[in-house]
Amino acid sequence: MPGAKVIIAGCGVAGPVLAILLKLKGYEPIVYERADGPSPDGLSLCIQANGARVLSLIPGLLDKIARKDIDQLFFYSALSDDDSSELAHTDAPAGFRDYSGVGLGIAGVRRPLLLRTLVETAQAHGVSVVFGHQLVEVENLEGEDSVVVRFANGHEDSASFVVGCDGLHSNTRASLFGKEAALFTGLTQTGGISPIPHEFLNAARGPSMLNIYGDGVHMIVYPINDEQISWAITQREAEARESWRDMDEDRQREFKKGSFSHLPHGGGELVRTADKIIKFGLYDRYELVTWHKGRVLLIGDAAHPTSPHLGQGANQALEDVYHLVRLLVQHNPSSEHPSSLVLSAVFMEFEELRIPRTSALVQKARVAGELRIVSGADACRTRDDTVRAIWASKEHVRGDVEATKTLYADLYSHPFEAGANAV
């Protein structure tokens, strides 16, 4: 018997990975994406060990992903030029990599390049990826145990079940639960890709992620390959819709000459030498009490969008993928068309596991953002003291398994212990 057909809405990070794993388990997935091809937009993201464990389930995929592993974290204050400007540093990322089981702790990747690699890998596995199809409606067909999906171009398709991983502005979510406005958090990010400065290349610290804390501003910096660094500046200001597209040339020139061009610890040089700069707002949505209706399920940012302050957006979407596939294997090992009873059991067990975890991490990301972006001398001193206290006595934790587990308690054993996957 042929495997059940599955429609996957969205070809970001989660969509093609889910499609590949379903294909390997005997399902017949098809991915529909609104864009006309793999997105060239966006800058970068960090793959962390929990996400990397999921990617490792696809043979050879991790080796294909161009990335730069990060060895250390450094935390600086932009408010002081003396020795006190370094708030803390740690080699924890290298320790996380050592014990991850997949040789990756935290790694910077160029987002468009990652998406292209995932699409090519999916196609190499025989997955059909259809671009230029914007989902506008999903309809559960009562009594037929199937779902019809309709697209803006007039095309229709049907499947045994549908997984919506079409991001923050998910049409799948809107079709299931109604349209709702995304909630602006009051924060924007301006980011860019820049050549790695000589001072970074010559630093004895090795590949590092830098956090630079200023008055009303935070800058994060990390390498994405041997030649380029990605950076993002977060601040409080008026709403800017998330688009991930480049600023126009005039605005880029103005930004490169502005106040951020003087940030210390190499931050200003990165602003001045950026190859491209984009700006976008940071948005939330109200939490859902359920992520499914009938035979349609939401995962990733479509279900639980998060601010970027923990670097867990893509990684949590990958955790979703793992647990969904695991539960399908457990409840429907034949990969044939599942009954509504079986599919409901899968979706409900999935939600019972994932909603509490993602809700907690979304809240922690909000708290991290609030800590980073404070204004006024007293508030900034309090924040800097807090950062020092968090990382005190953690300079050298590589080689200490228990210390590494404590630092990365939210991630260390997720979505499965190294070497113990159930897929």
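Residues numbered from 1 in each chain as written. Predicted model: local features only at pLDDT ≥ 70, side-chain atom pairs only at ≥ 80, totals over all residues. Heavy atoms only, no water.

## Some thoughts on the overall build of the chain
Phase 1 of the analysis: Helix and strand content of the chain: 13 helices and 19 strands.
Phase 2 of the analysis: Rg of the C-alpha trace for the chain: 22 Å, near the compact-globule value of 22 Å for 423 residues, within the 12% margin.
Phase 3 of the analysis: On the principal axes, the C-alpha backbone points of the chain span a range of 70 × 50 × 35 Å.
Phase 4 of the analysis: Across the chain, the fraction of contacts at a sequence separation of at least 24, relative to all contacts at a separation of at least 6, is 76%.
Phase 5 of the analysis: Split by element, the accessible area of the chain, about 17,400 Å² in all, is 50% carbon and sulfur.
Phase 6 of the analysis: Seen as two clouds, the 41 positive and the 55 negative side-chain charges of the chain have centres 1 Å apart. (Helix = DSSP H or I, 4+ residues; strand = E, 2+ residues; numbered from the N terminus. Rg over C-alpha atoms; globule rule 2.2 N^0.38 Å. Contact = heavy atoms within 4.5 Å. Areas by Shrake-Rupley, 256 points an atom, 1.4 Å probe, with all protein chains shown as cover. Lys, Arg positive; Asp, Glu negative; His and termini not counted. Charge placed at Lys NZ, Arg CZ, Asp CG, Glu CD.)

## What about the layout of surface pockets?
Phase 1 of the analysis: Taken as a whole, the second largest pocket spans an internal volume of roughly 280 Å³.
Phase 2 of the analysis: Lining the second largest pocket we find 16 residues, and of these Ser170, Asn171, Ala174, Glu180 and Arg285 sit closest to its centre.
Phase 3 of the analysis: At four residues, helix α6 (residues 171-177) tops the list of elements feeding residues into the lining of the second largest pocket.
Phase 4 of the analysis: Across the lining of the second largest pocket, the residue classes break down as five nonpolar, five polar and six charged. (1 Å grid on protein atoms, 1.4 Å probe; cavity = no way out; pocket = protein on both sides within 12 Å on 5 of 7 lines; lining within 4 Å. Points joined across faces, edges and corners; volume = space filled by probe spheres on them. Nonpolar A, V, L, I, M, F, W, Y, C, P; charged D, E, K, R; others polar.)

## Examining unusual backbone geometry
Phase 1 of the analysis: Omega for the bond connecting His414 with Pro415 falls within 30 degrees of zero, at -10 degrees, which places this linkage in the cis form.
Phase 2 of the analysis: Positive phi, normally seen in glycine, also occurs at His265, with a value near 60 degrees.
Phase 3 of the analysis: You can see His265 is positioned in the loop between α8 (249-256) and α9 (267-272).
Phase 4 of the analysis: Of note, Ser393 is a non-glycine position whose phi angle comes to about 60 degrees, a positive value.
Phase 5 of the analysis: Taking the relative accessible area as the measure of exposure, Ser393 reaches 69% and is therefore exposed. (Buried < 20%, exposed > 50% of the residue type's maximum accessible area, 1.4 Å probe, protein only.)

## Concerning the environment of Leu407
Phase 1 of the analysis: Topologically, Leu407 is positioned in helix α13 (residues 401-407).
Phase 2 of the analysis: Looking at Leu407, the relative accessible area reads 26%, which means it is partly exposed.
Phase 3 of the analysis: For the pair Leu407 and Val138, spaced 269 residues apart in sequence, the C-alpha separation works out to 42 Å.
Phase 4 of the analysis: For Leu407, the contacting residues outside a window of four places in its chain are Ala92, Trp391, Lys394 and Val397.

## Quick notes on the nonpolar core
Phase 1 of the analysis: Of all hydrophobic cores here, the largest spans 73 residues; its most connected members are Val17, Leu18, Ile299, Val321 and Leu324.
Phase 2 of the analysis: When residues in this core are grouped by element, the largest group, nine residues, is from helix α10 (residues 313-331).
Phase 3 of the analysis: With sequence-adjacent residues up to four places away left out, Val17 is seen in contact with Val54, Leu55, Ile58, Leu118, Leu318 and Val321.
Phase 4 of the analysis: Ranked by size, the runner-up nonpolar core spans 29 residues in total, among them Ala92, Ile106, Ile220 and Ile224. (Core = buried A, V, L, I, M, F, W, Y, C linked by side-chain atoms within 4.5 Å.)

## Some remarks on the pairing of strand β11 (residues 156-159)
Phase 1 of the analysis: Of the two faces of β11, only one is covered, namely that formed by Asp157 and Ala159; the face formed by Glu156 and Ser158 stays uncovered.
Phase 2 of the analysis: Bridge count between strand β10 (residues 146-151) and β11: four bridges; the pairing is antiparallel. Paired with Val147 across the bridge in β11 is Ala159. (Pairing = 2+ DSSP bridges.)

## A look at the sheet that holds β11
Phase 1 of the analysis: Strand order across the open sheet formed by three strands is β9-β10-β11, with antiparallel pairing between neighbours. The open sheet has two edge strands, β9 (135-141) and β11, and neither has a second partner. Ignoring which end each strand starts from, the neighbouring axes of this sheet average 20 degrees apart. (Axes fitted to C-alpha atoms, helices over the stretch in contact; angles between N-to-C directions.)

## A few points about the sheet that holds strand β3 (residues 44-48)
Phase 1 of the analysis: The antiparallel open sheet is built from three strands, whose spatial order is β3-β7-β4. With one partner strand each, in any of the chains shown, β3 and β4 (68-69) form the two edges of the open sheet.
Phase 2 of the analysis: Here β4 pairs with strand β7 (residues 106-110) via two bridges, running antiparallel. Within the sheet, the bridge partner assigned to Asp69 lies in β7 and is Ala107.

## Details of the packing of helix α1 (residues 14-24) against α10
Phase 1 of the analysis: At their nearest, the axes of α1 and α10 sit 10 Å apart, and the two run at 25 degrees to each other. Taken together, the axes of α1 and α10 are roughly parallel relative to one another. For the crossing formed where α1 meets α10, the hand is right-handed. Packed against α1, whose contacting residues are Ala14, Val17, Leu18, Leu21 and Leu22, the element α10 presents Ala317, Leu318, Val321, Leu324, Val325 and Leu328 at the interface. (Parallel < 35°, antiparallel > 145°, perpendicular 65-115°, else oblique. Left-handed = near helix turned anticlockwise from the far one by under 90°.)

## Examining the side chain of Asp284
Phase 1 of the analysis: By the element assignment, Asp284 lies in strand β17 (residues 276-284).
Phase 2 of the analysis: With relative accessibility at 9%, the residue Asp284 sits in the buried group.
Phase 3 of the analysis: A polar contact is formed between the side chain of Asp284 and the side chain of Arg366, at a distance of 2.9 Å. (Polar contact = N/O pair within 3.5 Å; in protein donor to acceptor, adjacent residues only side chain to side chain.)

## Re the packing of aromatic side chains
Phase 1 of the analysis: With the rule as written, the count across this model stands at 11 aromatic pairs.
Phase 2 of the analysis: Between Trp231 and Phe255, the aromatic rings sit 6.4 Å apart at their centres with planes inclined by 5 degrees, giving stacked as the arrangement. With a gap of 24 residues between them, Trp231 in strand β16 (residues 228-236) and Phe255 in helix α8 connect regions that are remote in the sequence. Take Trp231 and Phe255: they sit in the same class, and that class is buried.
Phase 3 of the analysis: Ring centres of Tyr322 and Phe416 lie 4.8 Å apart, and the angle between their planes is 45 degrees; this geometry places the pair in the tilted category. One end of the pair, Tyr322, is in helix α10; the other, Phe416, is in the segment after α13, and 94 residues separate them in sequence.
Phase 4 of the analysis: Grouped by ring-pair contacts, the aromatic residues Tyr27, Phe161 and Phe347 constitute a single cluster. (Phe/Tyr/Trp six-rings, centres within 6.5 Å; stacked < 30°, edge-to-face > 60°.)

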